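Listed here are the chains, written in short residue letters.
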Amino acid sequence: MSEVATVVVGWGITFVILATYSTWVVLRGKGIGQELGIGEVEPDVEQDTGATTDS
Amino acid sequence: MLGANSGAKMTATPVTRVLGVSALAATALMAVLGLIVSPPDVIQGEAVRMLYVHVPSIWIAYGGFALTSISSVLFLRRSKRRADQGRHYDRLAGSAAEVGVVFTAITLITGMLWGKVTWGTYWQWDARLTTTVLLFVTYLGYLALRRLPAEPTVRSRRAAVMALISFVNVPIVHYSVDWWRTLHQKASLSVGRRPEITGEMYWTLLYSTLAVTILATWLIIHRYRVIRLEELRDEEGLEALIASRLNKDVGGH
């Protein structure tokens, strides 16, 4: 393998490893967060009651 | 059930988003500097560009393992006095070790590729390479130990002890090139010693280290929060299991 090819492969593998690991960490956090219902927007309960004082 | 988790947050916050974007921009600039701006070496030619990923990676790995050790000491000393039973320190130790292992893997892979063009071989069982692979395997063992089923406090205690034992190898890896005759060159930069490189190469190496540090910090913060979410999920699963067991018992009578 030539010097340039070695550099391309080395840097390429480095970026692939880091991108894969970063994506895995973010997606795992999102997945477990959704499983637990954390971070989801709470529905506006008052909106559904229909109780208004306006006439 | 969710009420217990209402204080918990997702893995991303505005601060980590800024840190994440900074890491992305910093690594992009690192690629420009390392692959285009920095000149080829007189002896090694283009192959010297491996320096900018290989060297910062092992420094980040050292830093990650040092953080694991410090957190482990704090866990062992303070866990009984803290309301969270030292879980904060345990999470920090685990996340830093995992990031350290990822960067050790990068060090080994880039080192092998670099070795092939400069030494003519991917691998030699010399002191630096052998101790580095031992470091990688030991911390893989540490991560495996963290996943063994056990009572959380006992598991964290065992992991903390193993982290301290594993860290003994870090100075051995670093100084192996001084202590033994090895194929591996001496450290490019070392405290109290004149740098082996200068000029654009020197600054590119320093900048690469900064860029990789930002990325590693972002990864450690995110991984810490994921570990916290994993703990919450396990606790909720356990509570649900106990509740269903109790309901079954009540229904049975």
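Okay, so let's go over this structure. Since we're looking at a predicted model, the values are computed, not measured. (Residues numbered from 1 in each chain as written. Chains lettered and ligands numbered in written order. Predicted model: local features only at pLDDT ≥ 70, side-chain atom pairs only at ≥ 80, totals over all residues. Heavy atoms only, no water.)

## A short note on the nonpolar core
By size, the foremost hydrophobic cluster in this structure holds 53 residues, and its most contacted members are A:W11, B:F103 and B:Y142. Put simply, the parts of the chain that give this core at least two residues each are α1 (3-36) of chain A together with α1 (14-37), α2 (51-78), α3 (87-118), α4 (127-147), α5 (152-167), α6 (169-179) and α7 (199-252) of chain B. Counting residues per element, this core draws most heavily on α7(B), which supplies 12 residues. Those residues in contact with B:F103, other than ones at most four positions away along the chain, are A:L18, B:S57, B:I60, B:A61, B:V212, B:A216 and B:L219. Counting residues in each nonpolar core, the second largest holds five residues, with A:I32, A:I38, B:L229 and B:L232 among its members. (Core = buried A, V, L, I, M, F, W, Y, C linked by side-chain atoms within 4.5 Å. Buried < 20%, exposed > 50% of the residue type's maximum accessible area, 1.4 Å probe, protein only. Helix = DSSP H or I, 4+ residues; strand = E, 2+ residues; numbered from the N terminus. Contact = heavy atoms within 4.5 Å.)

## A closer look at the interface of chain B and chain A
Much of the literature gives interface size as the accessible area that the parts lose upon coming together. At the interface, 41 residues of chain B touch 29 residues of chain A. Carbon and sulfur atoms make up 79% of the area that chain B and chain A hide from each other, which totals about 3,000 Å². Along the contact surface separating chain B from chain A lie two salt bridges. Note that B:R233 and A:E35 form a salt bridge whose closest N and O atoms lie 3.9 Å from each other. (Buried area = accessible area lost by both parts, 1.4 Å probe. Salt bridge = Lys/Arg side-chain N within 4 Å of Asp/Glu carboxyl O.)

## Regarding empty space enclosed by the protein
Scanning all chains against the criterion turns up one cavity of 30 Å³ or more. The computed volume of the largest cavity comes to approximately 60 Å³. Contributing to the lining of the largest cavity are A:T14, A:F15, A:L18, B:T27, B:M30, B:V53, B:S57, B:F103, B:V212 and B:L215. Mapped by element, the contributors of at least two residues to the lining of the largest cavity are α1 of chain A together with α1, α2 and α7 of chain B. The greatest single-element share of the lining of the largest cavity, amounting to three residues, is contributed by α1(A). Residue classes in the lining of the largest cavity are distributed as seven nonpolar, three polar and no charged. (1 Å grid on protein atoms, 1.4 Å probe; cavity = no way out; pocket = protein on both sides within 12 Å on 5 of 7 lines; lining within 4 Å. Points joined across faces, edges and corners; volume = space filled by probe spheres on them. Nonpolar A, V, L, I, M, F, W, Y, C, P; charged D, E, K, R; others polar.)

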